[in-house]
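For reference, the chains in residue letters:
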Amino acid sequence: MTQWAKPGGGPGPDGSSSGGPDGGSAIEAPGSDAEPPAHPGLTAAEVAERVARGEVNDVPVRSSRSVPDIVRANVFTRFNAIIGVLFVIILFVGPIQDGLFGFVIIANTGIGIFQELRAKRTLDNLAVVGEAKPTVRRDGRAVPLSTSAVVLGDVIELGPGDKVIVDGTVLEADGMEVDESLLTGEADPVLKRPGEPMMSGSFVVAGGGAFSATRVGREAYAAQLAEEASRFTLVHSELRSGISRILTYVTWMMIPTALGLILSHLFTLHMAGDDAVRRMVAGIVPMVPEGLVLLTSVAFAIGVIRLGRKQCLVQELPAIEGLARVDVVCLDKTGTLTEGGMDVSALRPLNGADEGRLRQILGALGGADPRPNASLLAIIEAFPEQDGWRCAATLPFSSARKYSGAVLDDPAGGRTTWLLGAPDVLLPPGDPALAETEELNAEGLRVLLLAHTARALDDPALARDVEAAALVALEQRLRPDAGATLAYFAEQDVAAKVISGDNAVSVGAVAGRLGLPGAAAPVDARELPAAPESMAAAVADGTVFGRVTPRQKRDMVGALQSRGHHVAMTGDGVNDVLALKDADIGVAMGSGSEATRAVAQIVLLDNSFATLPSVVAEGRRVIGNITRVATLFLTKTVYSVLLALLVACWQIPYPYLPRHLTLLSTLTIGVPAFFLALAPNKERARPHFVRRVMRYAVPSGLITGAAAFVTYLLARHHYTGPDALSAETSAATLTLFLAAMWVLAIIARPYTWWRIALVAAMGVAFLIVLAVPWLQHFFALRLVGTVLPWTAVGVAVVAGVTLEIVWRRLRRTMA
């Protein structure tokens, strides 16, 4: 097996340092005899000394907020501060039942903290399972370690797909090409040589080597960038931004409303100070949708826990919502539709080549690569390395050039340069071998060409004028669940597009076997137009794309986004990293490269493509249910604002005390919303969250508030005497409860047995309050006579019928 090139050695057989095609480099390979590494790494004593000095990579790889962050986010909120101040005021003026809303806020905050801590525990446990372990040399041996165990001066080995976890200096390089695009924005890989710097956050796309850690922990470049932006702010959440906008509007409405209520009750109605304060608090508290933020956090947290049980690591919470909004899924074939492993199905000699010698050459090529990819692993398994062959120089495989190379010395002393890669890249158009390649590709096989050339590995024209020696056909193993998953996306109107670096015909054949519509017309990405608009049209029309370069994958994602699509990208290799980063949602396989997992928002730890429908369904459940319960909460906000305005205009006392609205909020919103927010929901996510919610909440709130105010005015004309206000309040409360229950009954549709039971239970609970004397006294609710109570019911029925008519019209216009 080839060892890493020693530092200072020339990258080519002649000692030159010129780069190969596409930035590649031909690196001289030492003999196959086992040699101790040139840089054995730190000893155990040196590691202990550095640990004692604190020179460790102490930046935690977190997939969730810290415990203090969770507590702060749930306790120190704008509305908790407002409600807290009002609660303290009520504690002074009394009675305690008017301060029940304060205990509700405390309970809500506690529930939010508990659920987020549960989600954090799930995420952190999954993150440990999915954490990549870099290979570090200690005492002359290469051992896998956790990233936090790396210390200053450690020698870290790198191969294709490995992420650079700390800053350092290159010690050994074997054609090592590093992509620094996530840090610099430059997409072209950089060829690294001994002595050159390595930046954390970059990743290897070809070749390999080793580097020494010079800056670890928070001093590393990537860690400094991470300090500036939390992982939880990377994915846009329409739910969270929409709710934040709504809360901003509510805050601005509360201030003038509070001033108007307190001034009118004190100076116009000449109420006692404590009574005026209670009425003001009663008008302000229901304007606060206090449980909406809680339920959004709880819904996200429970979604994370549910997906965690299916070995799905959600690295950014809003990603659940994001995937539910996706309408295009771009799939990388290898590792997504097919399993990682392959089998050699045929070796077809060309131009009279001897099959026995070809087998030995392929065995030598397999033995020359210290980190073989899936294709080469299949070749190694089929053609074991033979004695007597020696690799003199290598050109690592890269996704950009789509071939690798090596200079081999055979047992007889001959030296030949061999290339192994894509036939349609290495051979000129019209070559007879391409026709045979097309036949194999049409069967869904991946085909590699083995060819030799008289050119040197560092020749820029290396791929020209090669002589074909053999075609190697590789059979790809389809994932058993891929077909069902593609069918699910088709049913949900989510377009699936297969984007692969393999031959387009081969990719189309694989997609066709899985039943993907449009697979019969694969597109060769080399023929795609470069102009953004033209590319966007071609990508929108096509379904299967082959021979796609890493940069093209990124461009294709951007082209789809330019047409208003929400794009998810799945992948497992380094050639997918750029596209995963730019997609709205990146989904990586757990067995994929470390760089891929680092940039993805969702990691499928069990490598099961079939988990994606669960993620989509969970996101739809969250969005659909939060939209429902947000309508409930904001209906209350709207009718509270309306009642405050009407009271101020009529110059009459506010009809409710805080205890009344706490009771109504609990029965018509709080308890039902908690169950509705966690219920199954398969509705497709729709955009414009704020607009959709307000479209329903505003008319519902206006109708409900108007009905309650009408009953209040009728009661003021009906009741007289010192206890009239209490009777008026009770009648108005009955109408408000029944109208709000009607809104709940509409939102709870479509009915199931538990939804019917939930609505019925809330109604029974209110009847119990009206029937039990001590509860009547506690909540200051007592219906007087029969005329006004039945009038209140009649007004509520009229309001309910109006609600039904308005909601049906809104559904037609919003469909």
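Source: prediction; values computed, not measured.

1. Comments concerning the overall build of the protein chain
Here is step 1 of the chain: A tally of helices and strands in the protein chain yields 27 helices and 22 strands.
Here is step 2 of the chain: Residue burial in the protein chain is summarised as follows: out of 815 residues, 57% are buried.
Here is step 3 of the chain: A fraction of 74% describes how many contacts in the protein chain between residues 6 or more apart in sequence connect residues 24 or more apart.
Here is step 4 of the chain: Accessible area of the protein chain: about 32200 Å², with a carbon and sulfur share of 59%.

2. Let's talk about the packing of helix 11 (residues 355-368) against helix 12 (residues 374-382)
Here is step 1 of the chain: It is at 9 Å that the axes of helix 11 and helix 12 come closest, and there the two elements cross at 130 degrees. One finds that helix 11 runs oblique with respect to helix 12. When you trace helix 11 past helix 12, the crossing you get is left-handed. Only Leu376, Ile379, Ile380 and Ala382 of helix 12 make contact with helix 11, whose side of the interface consists of Arg359, Leu362, Leu365 and Gly366.

3. Quick look at the pattern of salt bridges
When their charged atoms lie close together, side chains carrying opposite charge are able to pair.
Here is step 1 of the chain: By the definition in use, this model includes 27 salt bridges.
Here is step 2 of the chain: Linking Glu618 and Arg306 is a salt bridge whose minimum nitrogen-to-oxygen distance equals 3.4 Å. A residue pair is termed long-range when its members are at least 10 positions apart, and Glu618 in helix 21 (residues 612-650) and Arg306 in helix 9 (residues 290-308) qualify at 312 residues.
Here is step 3 of the chain: Note that Arg547 is salt-bridged to Asp424, the shortest N-O span being 2.8 Å. Note that Arg547 is positioned in the loop between strand 19 (544-546) and helix 18 (550-562) and Asp424 in helix 13 (residues 423-426), a separation of 123 residues in sequence.
Here is step 4 of the chain: Within the structure, one salt-bridge network assembled from shared partners comprises Asp424, Asp524, Arg526 and Arg547.

4. A look at the sheet that holds strand 10 (residues 328-331)
Here is step 1 of the chain: Overall, mixed pairing links the 8 strands, which are arranged 9-22-21-20-10-17-19-18 in an open sheet. In this open sheet, the two edge strands, each paired with only one partner strand, are strand 9 (312-314) and strand 18 (523-524).
Here is step 2 of the chain: Note: strand 10 against strand 17 (residues 495-499), 4 bridges, orientation parallel. Each bridged residue has a counterpart across the sheet, and for Val329 the counterpart in strand 17 is Ala496.
Here is step 3 of the chain: Running over the sheet, helix 16 (residues 504-513) touches strand 17, strand 18 and strand 19 and is turned about 145 degrees from strand 19.

5. Describing the packing of aromatic side chains
Here is step 1 of the chain: What the rule picks out here adds up to 8 aromatic pairs.
Here is step 2 of the chain: Pairing Trp650 with Phe709 gives two aromatic rings, centres 5.2 Å apart and planes at 70 degrees, and the pair type is edge-to-face. In this pair, Trp650 is assigned in helix 21 and Phe709 in helix 23 (residues 689-718), connecting sequence segments 59 residues apart.
Here is step 3 of the chain: For Trp650, a relative accessible area of 47% gives the class partly exposed.
Here is step 4 of the chain: In this structure Phe709 comes out as buried when scored by relative accessible area, which is 4%.
Here is step 5 of the chain: One aromatic cluster is present, built from ring pairs that chain together Trp650, Phe709 and Tyr712.

6. Observations concerning unusual backbone geometry
Here is step 1 of the chain: In this structure, Pro750 follows Arg749 across a cis peptide bond, with omega equal to -5 degrees.
Here is step 2 of the chain: As for its placement among the helices and strands, Pro750 is situated in the loop between helix 24 (724-747) and helix 25 (753-771).
Here is step 3 of the chain: Its identity as a non-glycine residue notwithstanding, Asp139 has a phi of 55 degrees, on the positive side.
Here is step 4 of the chain: Here Asp139 shows up in the loop between strand 2 (135-138) and strand 3 (141-144).
Here is step 5 of the chain: A relative accessible area of 48% means that Asp139 is categorised as partly exposed.
Here is step 6 of the chain: A positive phi angle is found at Asp465, which is not glycine, with a value near 55 degrees.
Here is step 7 of the chain: For Asp465, the position within the fold is in the loop between strand 15 (446-453) and strand 16 (467-478).

7. Observations regarding the nonpolar core
Here is step 1 of the chain: In terms of nonpolar packing, the biggest core is built from 93 residues, with Ile626, Val629, Phe689 and Phe766 touching the most fellow members.
Here is step 2 of the chain: Setting aside residues up to four positions removed in sequence, Phe689 forms contacts with Glu238, Leu239, Gly242, Ile243, Ile246, Ile626, Thr627 and Ala630.
Here is step 3 of the chain: By size, the runner-up hydrophobic cluster in this structure holds 37 residues, among which are Cys312, Tyr488, Ile585 and Met589.

Cut-offs applied
- Residues numbered from 1 in each chain as written.
- Predicted model: local features only at pLDDT ≥ 70, side-chain atom pairs only at ≥ 80, totals over all residues.
- Heavy atoms only, no water.
- Helix = DSSP H or I, 4+ residues; strand = E, 2+ residues; numbered from the N terminus.
- Buried < 20%, exposed > 50% of the residue type's maximum accessible area, 1.4 Å probe, protein only.
- Contact = heavy atoms within 4.5 Å.
- Areas by Shrake-Rupley, 256 points an atom, 1.4 Å probe, with all protein chains shown as cover.
- Axes fitted to C-alpha atoms, helices over the stretch in contact; angles between N-to-C directions.
- Parallel < 35°, antiparallel > 145°, perpendicular 65-115°, else oblique.
- Left-handed = near helix turned anticlockwise from the far one by under 90°.
- Salt bridge = Lys/Arg side-chain N within 4 Å of Asp/Glu carboxyl O.
- Pairing = 2+ DSSP bridges.
- Phe/Tyr/Trp six-rings, centres within 6.5 Å; stacked < 30°, edge-to-face > 60°.
- Core = buried A, V, L, I, M, F, W, Y, C linked by side-chain atoms within 4.5 Å.

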